[in-house]
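# Inside the fold
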Amino acid sequence: MTWNALILFGVLATSLVASAVIFLLAESRHTTRSVFNLAAAVLKLLLVGWIVWGVYQNIDYEFRFTIIEGVDFILRADALGMMFVGLSSLLWLFTTIYAIGYLEKAPNRSRFFGFFSLCVASTVGIALAGNLFTFLLFYELLTLSTYPLVVHRGTRESLRAGQVYLYYTLGGGALLLFGVVALHVLVGDTEFVPGGVLSGLDPSLHPLLIGIFLMMIIGLGVKAALFPLHAWLPMAMVAPAPVSALLHAVAVVKAGAFGIARLVYDVYGIEFAFSLGLLGPLAVAASITIIYGSLRALAQDDLKKRLAFSTVSQVSYIILGISLFGPVGTLGGLVHLLHQGLMKITLFFCAGNYAETLGVHKISELDGAGQRMPATSVAFTLGAFGMIGIPPMAGFISKWYLGIGALEAGMNWVLGVLILSSLLNAAYFLPILYRIWFRRRERLWCEGKVLGRFETSGWLLLPTLATAAFALIAGVLAGMPFSPLYWADLIVSREYLP
Amino acid sequence: MIGLWSVPLLFALPLALGILSLLVTPAWRPRLIFVGLPLLAVASFDVLARLVVEGPRIYELGGWQAPLGINLVVDGLAVGMILMTTLVASLCALYARVYLRDYPPSSSFFWPLLWLLWAGMNGIWLAEDIFNLYVGLEVMGLAAVGMVALRATPQALAAAMRYLLAALLGSLAYLLGVALLYATYGTLSMAGLHEAAAPNVTTHVALALIILGLLLKTALFPLHAWLPPAHGGALTPVSALLSALVIKASFYILMRIWLVLGPEVTPIFTAQVLGVLGAGAVFYGGWMAWRQHHLKQLVAYSTVAQIGYLFLFFPLVTGTGPEAARLAWDGTLMMLVAHALAKAALFLSAGNLILAVGSTQISHLVGISRFRPMSLFSFGLAGVSLMGLPPSGGFTGKWLLLHSAILSGQWWWLIVLFLGGLLSAAYIFKVFRMSFREGPQIDRSVTPPLTLDVTALILASAAILIGLTAHLPLFWLRLGSAFGAG
């Protein structure tokens with residue numbers, strides 16, 4: 001076991017150990033728990049930084065052991081995986097800070113933070129998985145660790161949401177399992193290799209491969225909230241705000257989108273997937289989801305519901321990018337994996353701030369919120385501009401490359417989808433901004449609680465501003481080394497020129 | 001044969017302790033485990049070490065050769081079962097020592113029965129001839145019936161009576177089959193039968209009788225009716241022992257005899273029928289488990305369902321290629337061991353939850369996740385394995401069975417594994433759903449003693465860990481079997 005393997009395992013272990021310790025701590029040990037949790041998050045971030053630098057220099061990080069004959073447990077750091085790990089460990093830190101503030105004085109915190117850490121551990125496992133088996137292992141663990149978070153409030157509504165969440169994810173997980181076993185029978189242990197491992201198979205197996213692909217896309221599409229498998233996501237909005245942030249930006253939907261990226265690039269291989277004719281239908285499915293999500297978002301008055309449908313739409317940009325054959329489309333899809341995370345988490349933090357501080361959940365009640373909570377509202381505005389794709393926000397970069405990628409792939413109609421969806425994004429975000437900044441509040445805010453010396457508790461405000469700043473910087477400094485765009489470019493160059 | 005003292009010790013010691021425990025005062029009976037458990041653990045590991053170093057062997061008891069003496073088989077399968085028994089039964093015994101303090105009259109009879117049960121099981125794992133298997137089966141069965149009756153309520157006695165009749169009928173059918181085989185081939189030893197057995201009417205009738213008897217004892221659907229009242233109604237440590245270990249013994253015998261008779265004698269049709277019955281068990285048991293309101297009945301019906309997976313072994317191993325058969329062997333044994341660990345953990349943690357809320361009704365678990373997270377956590381870990389979700393022994397077993405089903409082209413078993421997993425998720429999450437519901441804000445539940453929670457947690461963690469480290473145990477289990485060691 002080399003040092004590099006241990007460091008890689010350490011990235012996973014930090015959140016696993018944090019989870020175990022938190023479960024064992026008594027409910028009343030709030031300070032110890034918070035300190036430990038934050039320390040683990042910071043340590044993880046440092047380890048990730050170390051490995052990112054190593055991967056940049058083409059150093060191999062691998063951790064493996066044999067589970068059963070012919071099936072290994074493999075963790076491996078490659079450029080694509082590290083992108084997802086980087087996103088999740090950065091946002092874990094901020095979401096933990098936010099959750100500590102959000103859940104102050106709430107019951108069941110030990111359970112909450114324990115499963116929260118476990119959820120991040122599974123996300124990291126998904127990102128670092130070096131073969132389909134390991135991926136599946138963490139993919140299912142993610143389902144199990146998010147269920148207690150979704151039903152955290154213990155109300156009838158949240159239990160119902162949890163049940164629907166399980167129907168979808170367990171069903172999808174079972175389909176994915178079949179796909180993985182079937183591929184295992186065909187080619188043995190399915191390690192992720194740029195360019196894929198299936199193109200050498202006999203052409204008579206191609207119909208079977210198409211079937212397996214479909215099955216696995218359904219299994220992954222459930223978590224990625226691909227239409228019509230998205231219904232659980234808006235329902236899961238009953239969970240506390242940090243959980244929504246986690247579900248939408250870091251863990252669950254991203255795990256689905258990331259899985260699709262792995263499947264297309266590193267199992268089937270983009271060229272082989274293209275030659276099987278799998279990419280076109282995938283692009284159509286993604287496009288339908290993009291438009292459908294935006295249309296549904298328009299009709300919501302509940303702020304978190306609108307954001308949820310916006311997620312349905314935005315995550316499919318990633319899938320759209322994956323399905324565009326050509327380096328530029330890939331670049332647009334992958335960079336959006338990071339950009340969407342940063343922007344969406346900001347928006348959810350803001351929604352949580354409004355709800356916690358002002359008791360406002362509905363968009364129609366947001367009039368004049370900008371005056372009362374200027375900093376939160378600035379962050380919200382930045383996030384919303386990013387989602388619409390206004391330069392120089394990060395969202396613009398994604399859409400720009402997606403558009404060029406579509407033209408390069410010869411799929412001009414995708415450009416129409418992008419324009420239509422941007423218009424729809426504007427149509428459901430701009431009215432909120434108008435209400436926040438330009439309408440006056442008629443009545444006084446029903447302020448029950450004073451949450452610190454800023455406009456709200458510092459625990460809530462700081463992460464919000466930090467992620468908003470990241471979303472801005474990712475756009476403005478997109479050309480700098482180690483920006484999301486730079487890293488996505490690195491992935492693309494390694495993927496297309498193996 | 002100096003140095004192999006540990007093999008006879010494995011059944012002689014529990015037998016001796018069983019007799020000894022009847023001679024000492026009731027207060028001293030539980031304390032005998034502090035002698036018995038370490039010795040049995042040492043003996044089990046000694047047997048394992050010898051197996052790994054010296055390879056599988058036949059052990060002649062007292063140095064007498066077969067027709068006169070008794071032969072014991074010390075191969076990977078037997079040793080694996082012995083280790084499983086030692087782990088599960090030891091933890092159940094530690095649990096029972098604390099748990100039974102509230103049941104003083106039952107407690108005094110529990111201990112002799114436990115040792116007897118243990119002796120019977122170890123006898124079965126080691127027996128090389130089909131008559132000694134019968135002896136072990138009877139010893140174990142009678143001890144198990146006694147344990148079910150321990151509670152001494154009318155329901156418990158009715159359940160025990162039902163169990164007794166099923167067990168006796170099962171043994172009788174088995175014994176008839178054994179007698180037929182002996183009359184035909186003049187041998188009881190497995191090796192002898194392997195040589196001699198030919199596909200003729202007598203053999204098939206004998207096989208049918210043996211299968212019927214063992215199915216009844218294993219409680220395979222539709223012969224399962226005795227199991228839920230017996231397992232669900234017994235004292236918690238008894239439920240755990242019966243569900244985790246006892247029903248495995250009759251399955252083990254069937255598995256051994258099936259493989260000994262070989263593919264010429266065992267018809268593919270029968271194998272498929274056994275698989276179909278297994279599928280029926282998975283569906284019916286899962287459905288019934290989901291419908292229960294009584295926590296331990298839910299767990300008991302879950303056993304009915306999980307037994308079904310084991311019976312997929314027969315269609316997957318009969319008339320299929322060597323690779324598919326090996327995977328079926330690996331997968332079935334993984335399932336068997338994982339179920340033993342997970343089901344014991346599930347029963348023990350269910351017992352803890354029942355202690356905590358003072359009621360057996362699932363609907364009374366409202367809000368318990370806040371107050372007794374540790375009991376619920378063990379329940380959850382064990383549940384993960386039963387649902388076949390990763391990372392767990394149940395998942396690894398399911399993976400191997402899926403693999404085998406695809407390789408042998410029997411895609412219909414995939415559906416069983418697929419729907420069975422979802423059904424078990426439905427009943428496990430039924431319990432979770434209730435416990436996550438917000439209920440009373442004040443903690444009125446009883447705190448179970450720490451030993452009870454810790455033993456359940458160890459078993460549940462073992463069910464998870466064995467899935468991640470399956471390579472080595474599966475290698476050991478294959479030693480001396482028809483599926484090679486490589």
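So, a few notes on the structure that sits alongside this text. (Residues numbered from 1 in each chain as written. Chains lettered and ligands numbered in written order. Predicted model: local features only at pLDDT ≥ 70, side-chain atom pairs only at ≥ 80, totals over all residues.)

### Quick word on the overall build of chain A
- What chain A contains, in helices and strands, is 20 helices and two strands.
- Against the 2.2 N^0.38 benchmark of 23 Å for 498 residues, chain A shows a C-alpha radius of gyration of 21 Å, consistent with a compact globule.
- Within chain A, contacts between residues separated by at least 24 positions form 80% of all contacts whose residues are at least 6 apart in sequence. (Helix = DSSP H or I, 4+ residues; strand = E, 2+ residues; numbered from the N terminus. Rg over C-alpha atoms; globule rule 2.2 N^0.38 Å. Contact = placed C-beta atoms within 7 Å.)

### Points about the overall build of chain B
- Counting its regular elements, chain B contains 20 helices and two strands.
- Expected size for 486 residues packed as a compact globule is a radius of gyration near 23 Å; at 21 Å, chain B falls within 12% of this value.
- Taken along the three principal axes of its C-alpha coordinates, chain B extends 70 × 55 × 45 Å.
- Scored against the burial criterion, the 486 residues of chain B give a buried share of 62%.
- Excluding contacts between residues fewer than 6 apart, the proportion of contacts in chain B whose partners are at least 24 apart in sequence is 79%. (Buried ≥ 20, exposed ≤ 12 C-beta atoms within 10 Å, placed from the backbone.)

### Description of the interface of chain B and chain A
- At the interface, 29 residues of chain B touch 29 residues of chain A.
- Of all the elements in the fold, those that place two or more residues in the side of chain B that touches chain A are α15 (368-371), α16 (373-387), α17 (393-407), α18 (412-436) and α20 (471-478) of chain B.
- Counting residues per element, the side of chain B that touches chain A draws most heavily on α18(B), which supplies eight residues.
- Here the residues of the side of chain B that touches chain A are counted per class, giving 20 nonpolar, five polar and four charged. (Nonpolar A, V, L, I, M, F, W, Y, C, P; charged D, E, K, R; others polar.)

### Some points on helix α10 (residues 236-265) of chain B
All names here are of chain B.
- Look at α10: 41 Å from first C-alpha to last across 30 residues, which is about the 44 Å you get at 1.5 Å a residue.
- Maximum bend of α10: about 50°, positioned at L259, with proline P263 one to four residues after it.
- With 25 of its 30 residues buried, α10 lies for the most part within the structure. (Expected span 1.5 Å × (residues − 1). Bend = angle between axes of the 7 residues up to and from the residue.)

### Quick notes on the environment of A:L177
- With respect to the element layout, A:L177 can be found in helix α6 (residues 156-187).
- Remark: the alpha-carbon pair of A:L177 and A:Y102, spanning 75 residues in sequence, is separated by 37 Å.

### Points about unusual backbone geometry
- In this structure, the amide linkage connecting A:P391 to the following residue, A:P392, adopts the cis form with an omega of 5°.
- Position of A:P392 among the secondary structure elements: in the loop between α16 (374-388) and α17 (394-408).
- In this structure, the amide linkage connecting B:F221 to the following residue, B:P222, adopts the cis form with an omega of 0°.
- Looking at where B:P222 falls in the secondary structure, it is placed in the loop between α8 (201-218) and α9 (227-233).
- Unlike most non-glycine residues, B:A152 shows phi in positive territory, near 65°.
- Position of B:A152 relative to the elements: it lies in the loop between α5 (130-149) and α6 (154-185).
- Even without being glycine, B:A219 reaches a positive phi, approximately 65°.
- Among the secondary structure elements, B:A219 is positioned in the loop between α8 and α9.

These values are about where atoms sit, not about what they do.
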